[in-house]
Amino acid sequence: MVERILVVEDEARIASLISRTLRLEGYQVEVAPNGETALEKAISNPADLIVLDVMLPDIDGLEVCRQLRMAGCDEPVLMLTAKDAISDRVAGLDAGADDYLVKPFAFDELLARVRALLRRAAPPDVSAPLQFADLELDPTTRQARRGEREIELTAKEYDVLELFMHHPRQVLTRDIIYDRIWGYDFGGESNIIEVYVRYLRAKLEAGDEPRLIYTLRGVGYVLREE
Ligand code: CA
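Residues numbered from 1 in each chain as written. Predicted model: local features only at pLDDT ≥ 70, side-chain atom pairs only at ≥ 80, totals over all residues. Heavy atoms only, no water.

Together, Asp10, Glu36, Glu40 and Asp58 make up a negatively charged patch on the protein surface. Relative accessible area serves as the criterion here: at 48%, Glu36 is assigned to the partly exposed category. (Patch = residues over 30% accessible without salt bridge, like charges linked within 9 Å, V, L, I, M, F, W, Y side chains within 5 Å. Areas by Shrake-Rupley, 256 points an atom, 1.4 Å probe, with all protein chains shown as cover. Salt bridge = Lys/Arg side-chain N within 4 Å of Asp/Glu carboxyl O. Lys, Arg positive; Asp, Glu negative; His and termini not counted. Charge placed at Lys NZ, Arg CZ, Asp CG, Glu CD. Buried < 20%, exposed > 50% of the residue type's maximum accessible area, 1.4 Å probe, protein only.)

All right, on to the nonpolar core then. Leu52, Leu161, Ile177, Trp182 and Ile213 are the most contacted members of the largest nonpolar core, which has 52 residues in total. Every residue in contact with Ile213, bar those within four places of it in the chain, is listed here: Leu161, Phe164, Val197, Leu200, Arg201, Leu204, Tyr221, Val222 and Leu223. (Core = buried A, V, L, I, M, F, W, Y, C linked by side-chain atoms within 4.5 Å. Contact = heavy atoms within 4.5 Å.)

Here we take up unusual backbone geometry. A cis amide bond, omega -5 degrees, links Lys103 with the succeeding residue Pro104. Among the structural elements, Pro104 can be located in the loop between β5 (99–102) and α5 (107–121). A positive phi angle, close to 50 degrees, is found at Ala133, a residue other than glycine. By the element assignment, Ala133 lies in the loop between β6 (130–132) and β7 (135–138). Positive phi outside glycine occurs at Arg142, with the angle close to 55 degrees. (Helix = DSSP H or I, 4+ residues; strand = E, 2+ residues; numbered from the N terminus.)

The next point concerns the sheet that holds strand β10 (residues 171–173). The strand order across the open sheet formed by three strands is β10-β12-β11, and the pairing between neighbours is antiparallel. Sheet topology places β10 and β11 (213–216) at the edges, where each strand pairs with a single neighbour. Across the sheet, the mean angle separating the axes of adjacent strands is 30 degrees when strand polarity is ignored. Relative to strand β12 (residues 220–223), β10 runs antiparallel, the two being bridged by three bridges. (Pairing = 2+ DSSP bridges. Axes fitted to C-alpha atoms, helices over the stretch in contact; angles between N-to-C directions.)

Turning next to the packing of aromatic side chains. Overall, the coordinates contain four aromatic pairs when judged by the stated rule. Both rings, one in Tyr196 and one in Tyr199, keep their centres 5.5 Å apart while their planes meet at 85 degrees; by these two values the pair is edge-to-face. Of this pair, Tyr196 and Tyr199 both sit in helix α8 (residues 192–204), three residues apart, which is roughly one turn of that helix. By the ring-pair criterion, three or more aromatic residues cluster together here, those being Tyr178, Trp182, Tyr196 and Tyr199. (Phe/Tyr/Trp six-rings, centres within 6.5 Å; stacked < 30°, edge-to-face > 60°.)

Take the coordination of the calcium ion next. Listed as protein donors to the calcium ion are Glu9 (OE), Asp10 (OD), Asp53 (OD) and Met55 (O); their distances from the metal cover 2.1 to 2.6 Å. For the calcium ion, all donor residues lie on one chain, and their spacing in sequence is E-D-x42-D-x1-M. Taken together, the residues span a long stretch of sequence, with Asp10 in the loop between β1 (4–8) and α1 (12–24) and Asp53 in strand β3 (residues 49–53) at a distance of 43 residues. Residue classification places Asp10 among the partly exposed positions, given a relative accessible area of 32%. (Donors = N, O, S within 2.8 Å, 3.2 Å for Na, K, Ca; no water.)

Time to look at the state of the cysteines. On inspection of all chains with the given rule, the structure shows zero disulfides. The thiol of Cys65 is unpaired, and the distance to the nearest cysteine sulfur, on Cys73, comes to 10 Å. (Disulfide = S-S within 2.5 Å.)

Before going further, it helps to spend a moment on the domain arrangement of the protein. Many structure descriptions define interface size as the accessible area lost when the parts assemble. Domain annotation for the protein reports domain 1 (4–121) and domain 2 (130–223). Taken together, the contacts link 15 residues of domain 1 with 14 residues of domain 2. The contact between domain 1 and domain 2 buries some 1200 Å² in all, and 47% of this surface belongs to carbon and sulfur atoms. When the area that domain 1 buries against domain 2 is broken down by residue, the three leading residues are Leu93, Asp98 and Arg120, summing to 42%. (Domains from an automatic or database assignment. Buried area = accessible area lost by both parts, 1.4 Å probe.)

All right, on to the sheet that holds β7 then. Spatially, the four strands line up as an open sheet ordered β6-β7-β8-β9, and their pairing is antiparallel. Of all the strands in the sheet, just β6 and β9 (149–151) have a single pairing partner and so form its edges. Taken pair by pair, the neighbouring strands of this sheet meet at an average axis angle of 20 degrees, ignoring direction. Two strands pair when backbone bridges link them, and β7 and strand β8 (residues 143–146) are joined in this way by four bridges, in the antiparallel orientation. Along β8, the bridge assignment pairs Glu136 with Arg145. This element, helix α6 (residues 155–166), spans β6, β7 and β8 of the sheet and lies at about 115 degrees to β7. Sheet strands in contact with α8 are β7, β8 and β9, and its direction is about 160 degrees off that of β9.

Encoded structure:
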C-alpha cells in the first residue's frame, strides 16, 4: 500500500522540495498551501501522515493540529518549526503533534522522522494486556487503567508507557527511549522525554495513586513500585 502524506506549507519552493523528496521515496504526496485547505483535505480524505509547517498565512500550524485532533483525526503529525525555542516545541506537542523538526533541516532527517512515525502508527499487534502493580495496558484498545480508573492516553503517551510496561523494574536510559519511541537519535538537548514522563505521571497519579515511573537523575527512568 502506498502511504499518503499531506504536506502543509505556504512557501511554494519549500513545499515542492519536500514533496519531491517524499515522492522519490515512493510516498504519494498532496500539498496544502494554507491551514484552511489543510483542514479540509485532512478531514475529507485522511492521509497516513501530515507534515505541518507552524508558520502559515491563515490559521497557524498549532491551531490546525488542535482542530484536527478535535475533529478526531489521529494520523501522525510532524510539525515543522523555524524556531528553536523549547517552548515552541512543547507548544507543538501540546497541540497534539507527534514530533517536530526545526527548520532548516536535512532531507535525510525528514525521511527518517517520517519513516519512524509511519512505523509507530502501524496497527498494533493484538496481544494480551500488560500488567504492572495496579496498572493495566490493553494493546488492542490502547487504553490504560489503574485499578478501576480508566486513563485516556494520546498515541505517544501510550507508546512510552508500553515501552516501560515491557521492561518493568529495568532502567531505561534516555538513549534507549529515544531510539525505541522516536526511532532515531534525538541528541542530548531535547527535553521531549521529560515532557512525556510529566504527562504520564499527571495521568497515572490523577487519582492520588502512588508513583510508578521514577527518575534516575542523569541516567533515565524506571517503572517500579516504591
Ligand atoms: Ca511557512
